[in-house]
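Here's the letter readout for the chains.
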Amino acid sequence: MDAVKGSSKAGALPLLLPAILFLVLLFLYPFAYGLYLSLTTAKGEPSLGNYLRFFGEARDFRTIWVTLQIAVPITLVNVGLAVPFAYYMRRGMRGERLITFFLIIPITLGTVLVSEGMLSFMGPKGWLNQLLLALHVVAEPYRFTHNYLGVVISLGLQGFPYAFLMLLGYVSGINPDLEKASQMLGANRWQTFWKILFPLMIPGIAISFCLNFVMAFSVFPSAVLLGQPSGPTRVISIAAYQWAFEKFNFNAASAISMVMAAIELLVISAVLVWRSRMYKGASMVGKG
Amino acid sequence: MKDFKTISVRGMTKRFGEKTAVNDFSLEFGKGEFVTFLGPSGCGKSTALNCITGLIPITSGEIWIDDECVDNTKTKIPPEKREFGMVFQNYALFPHLTVFENVAFGLRLRRVRKAELSRRVDTALRLVHLEGYAAKFPTQMSGGEQQRVAIARCIVLEPRLLLLDEPLSNLDAKLRVELRYEIKALHERLKVTTIYVTHDQTEALALSDRIVVLRSGRIQQVGTPSEVFSDPANLFVADFMGFKNVWTVRVKSLREIGGALEASLDAQGIPLTARMAWPEGDKRRTVLAEAFRTGAEMRTAVRPEDIVIAGAAGENRIACAATLVEYQGQASQVSATPRLAATSDDGSPLRLDLRTGSRIAEGGSFEVSVPGDKILLFPPTETAAEAAGWTP
Ligand SMILES: Nc1ncnc2c1ncn2[C@@H]1O[C@H](COP(=O)(O)OP(=O)(O)OP(=O)(O)O)[C@@H](O)[C@H]1O
Ligand SMILES: [Mg+2]
């Protein structure tokens, strides 16, 4: 018996090799190379200078704060909105396909097209402002673009569909009898949501929060196109870009990328710790 | 628990678009009664159950508990306020909660104090023989154990009505019998009014005070297990209760002997004599007399267990050849063709099924006897039966 098991394990390794190779080439190698670059000078001598410079220079260092200010609120909003929407649509509803279609559009169009669309739609002469002016909601065109708000709106348009579709898949996978059982035991809708559905959604919420956060934290095109890349929306990825392609210092740029990765990792770990605190049961949400 | 005497369901109907899943369902349950809904898959058992709980809104009809209106389509008590308990086929335990918390769920919603709560949970777990499982999660338990938790979770709240939807059908045969005994014992002990849904006639017969046989959303018969078993209301119920020998017959003569009605029948060329112990005034007598007068077709139904291998004596003797013998341990299930080689109107030969302890070889000839009082007679279809006012 054991011999058979052993040989099957040994047999699996060669089969896994292409996948491992792929991971190493595509993921680990660039990461390791980036780490190496960040810890050396342009001449290849080991040094912590790149990090010290980043943390020492307020102009660069504050990008962390700027980026977090953009990424955290919009991620919270995206996931926070996705939860009730996914909940209400968990059993399907009329027009679900249409809604899903409109949600997928921003994903398929890509950031740049969405940004351009927003620039003309929400710009000072765009439809939205003309409508608001006509309705006397505002006295002069409201600035939706080229500021913090512009970046946040674009991240919402891009991130919400991901969060929603992911959570929808998650909730509709929860055995509907659980809700009925909870109801039969005396729980109203609200209690059933908070005591049964929400806890069971937590793994999904955690994952979609992580993905959304990483997406928002590494924002680049919309921060450039819709924000003020020189100041209020000079996010961390812009700092890295400028070091790499304006000052041609790849070592410094790598250090910034490493800081980015570290922050993302930190947030993800925090979320996963929260998840394991909240969701102790076996993570099985089968249809029974 | 609010006390009550009867729960009555009146003319309950549920339509899904064109499809009528439950049709004019009327029934009264006495307190403490164990009632089973029995019927084949898709006959509307679950729908009827869910309509009673309120989880599915009814299209028309009313549900009352004594003089308290539970549902009349206009005003309804929501499911969570009906004080009914439900056990689901797939257990529906909350996977993120321990066994203790699953059972305590309803008590916590009712803000039961801590000391009383753990006392009641412990009692419930003991009732279903799950002491020591409190800290486990549902996924760490077997199907049988999970179903026990589901039952404990309901009875801990002392529901007015306990509803179980095929609670044993996901379990293996041995466990099914075991848990069936436990459900029975639990009912004897707690006397909680219970509706039990199953498609398994053995379960229904073993557990119930009364059985409700359903077909396509309509009640076919309501009766005690022995009534349903030995005096089925129509061919459908008979078929469901294991009367496998359904033969087309015509009535050749009718006479009264000693309070019973004796009919000479022609079953596709085979003569049979059947005796019906129908009392004077039974509507079935009129229907049969009418069939005799018009020469209309009837159907007989005989259980395989009631057909005996003929010795020297015995009425309704039929010589047959065995076509298929299925060994089943104590007895064998035998399919045979009568020698008289009668063919029915559609050309297929009459088939005779019997169960016997004697050894019969495949292809071998033998003679059977059908006791005349074990032959049931029915109009050819349930609709014909209904139209003729055929009621046992
Ligand atoms: N939500 C629904 N929409 C449309 N038709 C339905 C719905 N629920 C049930 N039905 C139909 O109603 C009929 C009765 O269904 P139900 O689930 O009550 O059967 P059942 O007797 O419980 O069968 P089973 O033994 O397979 O559980 C079926 O024909 C089913 O197709
Ligand atoms: Mg069912």
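Residues numbered from 1 in each chain as written. Chains lettered and ligands numbered in written order. Predicted model: local features only at pLDDT ≥ 70, side-chain atom pairs only at ≥ 80, totals over all residues. Heavy atoms only, no water.

Trainee: What's the story with the interface of chain B and chain A in this structure? I'm lost.
Mentor: How large an interface is tends to be reported as the accessible area lost when its parts come together. The interface of chain B with chain A comprises 24 residues on the first partner and 24 residues on the second. Between chain B and chain A lies a buried interface of about 2100 Å² when both sides are counted; carbon and sulfur atoms form 72% of it. Considering only the surface of chain B that becomes buried against chain A, Glu-80, His-96 and Leu-109 of chain B emerge as the three largest contributors, covering 28% of it. Scanning the region where chain B abuts chain A turns up four residue pairs in polar contact (both at pLDDT 80 or more). Those elements that place two or more of their residues in the side of chain B that touches chain A are helix H1 (45-53), strand S6 (84-87) and helix H2 (99-109) of chain B. Among the residues forming the side of chain B that touches chain A, the class breakdown is 14 nonpolar, seven polar and three charged. (Contact = heavy atoms within 4.5 Å. Buried area = accessible area lost by both parts, 1.4 Å probe. Polar contact = N/O pair within 3.5 Å; in protein donor to acceptor, adjacent residues only side chain to side chain. Helix = DSSP H or I, 4+ residues; strand = E, 2+ residues; numbered from the N terminus. Nonpolar A, V, L, I, M, F, W, Y, C, P; charged D, E, K, R; others polar.)

Trainee: When you look at the nonpolar core in this model, what are you seeing that I'm missing?
Mentor: In a soluble, globular protein the nonpolar side chains are often hidden away together inside. Ranked by internal contacts, the top residues of the largest apolar core, which has 133 residues, are Met-12, Phe-25, Phe-29, Phe-37, Ile-52 and Leu-163 of chain B. With 14 residues, the top contributor of residues to this core is helix H9 (residues 189-217) of chain A. Core analysis: the next-biggest nonpolar cluster, separate from the first, contains 49 residues, Trp-247, Leu-272, Ala-274 and Phe-378 of chain B among them. (Core = buried A, V, L, I, M, F, W, Y, C linked by side-chain atoms within 4.5 Å. Buried < 20%, exposed > 50% of the residue type's maximum accessible area, 1.4 Å probe, protein only.)

Trainee: Is there a simple way to think about the sheet that holds strand S4 (residues 60-65) of chain B in this case?
Mentor: Two strands in a sheet stick together by hydrogen bonds in their backbones, pointing the same way (parallel) or opposite ways (antiparallel). Residues and elements named next belong to chain B. Read from one edge to the other, the open sheet built from four strands follows the order S2-S1-S4-S5, with strand pairing classed as antiparallel. For this open sheet the edge positions go to strand S2 (19-30) and strand S5 (68-71), each flanked by a neighbour on one side alone. Going from strand to strand, the sheet's axes swing by 25 degrees on average, the running direction of each strand aside. Bridge count between strand S1 (residues 6-16) and S4: five bridges; the pairing is antiparallel. Bridging across to S4, Arg-10 finds its partner in Glu-62. (Pairing = 2+ DSSP bridges. Axes fitted to C-alpha atoms, helices over the stretch in contact; angles between N-to-C directions.)

Trainee: Just checking my understanding: could you explain the sheet that holds strand S15 (residues 308-309) of chain B for this structure?
Mentor: One open sheet holds the five strands; their spatial order is S15-S19-S16-S17-S18 (chain B), and the pairing between them is antiparallel. The sheet is open, and its two borders are formed by S15 and strand S18 (352-356) of chain B, each paired with just one other strand.

The analysis is restricted to geometry; functional conclusions fall outside its scope.
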